[in-house]
Amino acid sequence: MQCPVRVDVVDSVMERVRQKELPEVAGSSLTKRLFTWGGSLAAAAVVALLLVNVLAVKPVATSDQQLGEMIASLQDFESYGAVEDAALEPIDFLYGEIY
Amino acid sequence: MEDKQIVERILAGETELYADIVREYQQKVANLTYKMCGSRLDIEEVSQRVFVELYTALPRFRFQSQLGSFIYRITVNVVCKMLNKAKRVVSADELDYRSERPSEDRNAEQQLIYQERINELRDAIGRLKDEQRTALVLCTFEDFSYNDIAEVMQCSLSKVESLIFRAKKNLAKEIKQ
């Protein structure tokens, strides 16, 4: 079921587009620099936090049984799995489902 | 030329190449708009808005999905916005879902009953909530997989399943009343 009208909006769209300035891609050089610096600082902060956590963490004494239970619970967890693609259903087939 | 190359060149300054994208996708946008709201909205106006919004959004597009999906997403958003603005439910007359099933296997009476039921179904589709109707239209009439629908509607797979399930349930409920 297709639109009965053949649409041609190329000219009208291009006219409007020519009047617009395309927004810059991920910023100008200044913004880029800010992103780069900001990104570096954020990355450094994350690394520092991780290091602190890693050094501060004490190994938990886990028995073999506890480990086994953890592994079993992970194995029990079923992944969502792929959803079947919806079959192509024109209204007739939808009719069949509903009625 | 692939979509990605065209977009890169447009962003590099060759803006006239944008016409190629419009030419390639304009009828698909029109078809989707028509299926979502029939003649309720001016299809050319919707198509124009979609492509102008797409142009503005191009720098943000990272090709993590197909350009077509991105365009469909914008189309869905534009149609929903415009329908909300008009604040009207899409009426059955505006949704022209014709039955494609050949009628040779039905006699005249059966054909009449069948056509009445198709009309009922049409009415009921028009009364669905926008989200449910969108998901149902994309699934039923656009041959979209649930993954594609999730990408277009920017929601989870489980939400798509739920929307389609509820749409069909609501249709069945409406028809039985």
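Notes on the structure follow. (Residues numbered from 1 in each chain as written. Chains lettered and ligands numbered in written order. Predicted model: local features only at pLDDT ≥ 70, side-chain atom pairs only at ≥ 80, totals over all residues. Heavy atoms only, no water.)

Quick word on the packing of helix 3 (residues 43-57) of chain B against helix 4 (residues 67-86) of chain B
Residues and elements named next belong to chain B. Just so we agree on the cut-off: Fitted lines through C-alpha atoms give the axes, limited to the stretch in contact for helices. The angle between two N-to-C directions lies from 0 to 180 degrees. Under the scheme used here, helices are H or I runs from DSSP no shorter than 4 residues and strands are E runs no shorter than 2 residues, and both carry numbers assigned from the N terminus. Each angle is binned into one of four classes, with values under 35 degrees roughly parallel, values over 145 roughly antiparallel, values of 65 to 115 roughly perpendicular, and all other values oblique. Should the near helix be turned counterclockwise from the far one by less than a right angle, the crossing is left-handed, whereas a clockwise turn marks it as right-handed. Note on contacts: a residue pair qualifies if any of its non-hydrogen atoms lie within 4.5 Å across the two residues.
Packing of helix 3 against helix 4 leaves a shortest axis separation of 9 Å and a crossing angle of 125°. One finds that helix 3 runs oblique with respect to helix 4. The crossing of helix 3 and helix 4 is right-handed. Contacts from Glu45, Val46, Arg49, Val50, Glu53, Leu54 and Ala57 in helix 3 reach Leu67, Phe70, Ile71, Ile74, Thr75, Val78, Val79, Lys81 and Met82 in helix 4.

A few points about the nonpolar core
Condition: The nonpolar core is taken to be a set of buried Ala, Val, Leu, Ile, Met, Phe, Trp, Tyr and Cys residues, with the residues joined through side-chain atoms within 4.5 Å. Each residue gets one of three labels from its accessible area relative to the maximum for its type: buried under 20%, exposed over 50%, partly exposed in between, using a 1.4 Å probe on protein chains only.
Ranked by size, the top nonpolar core spans 74 residues in total, and within it Tyr18(B), Ile21(B), Leu54(B) and Ile149(B) carry the most contacts. In this view, Leu54(B) contacts Tyr18(B), Ile21(B), Leu67(B), Phe70(B), Ile71(B) and Ile74(B); residues no more than four positions away in its chain are not counted.

Thoughts on the packing of helix 5 (residues 108-127) of chain B against helix 8 (residues 157-176) of chain B
All names here are of chain B. Operational definition: Residue polarity is assigned by list, with Asp, Glu, Lys and Arg as charged and Ala, Val, Leu, Ile, Met, Phe, Trp, Tyr, Cys and Pro as nonpolar; anything else, Gly included, falls into the polar class.
At a minimum axis distance of 9 Å, the contact between helix 5 and helix 8 shows a crossing angle of 125°. Here helix 5 is positioned oblique relative to helix 8, judged by the angle of their axes. Helix-helix and strand crossings are classified by hand; for helix 5 and helix 8 the assignment is right-handed. On helix 8, the residues that touch Glu120, Leu121, Ala124, Ile125 and Arg127 of helix 5 are Leu171, Glu174 and Ile175. Its residues placed into classes, the contact of helix 5 with helix 8 shows five nonpolar, no polar and three charged.

What about the layout of surface pockets?
Residue and element names in this part refer to chain B. Counted only if it meets this: Using protein atoms alone on a 1 Å grid, points that fit a 1.4 Å probe yet trap it form a cavity, whereas open point sets bounded by protein on both sides within 12 Å along at least five of seven lines form a pocket; residues with an atom within 4 Å of a point count as lining. Grid points are joined across faces, edges and corners, and a volume is the space filled by probe spheres set on the points.
Space inside the largest pocket adds up to approximately 160 Å³. As for the largest pocket, its lining consists of 13 residues, of which Val76, Asn77, Cys80, Glu131 and Met153 are closest to the centre. Sorting the residues of the lining of the largest pocket by element identifies helix 4, helix 6 (130-140) and helix 7 (146-153) as the ones contributing at least two each. For the lining of the largest pocket, the leading source of residues is helix 4, giving five residues. Counted by class, the lining of the largest pocket contains five nonpolar, three polar and five charged residues.

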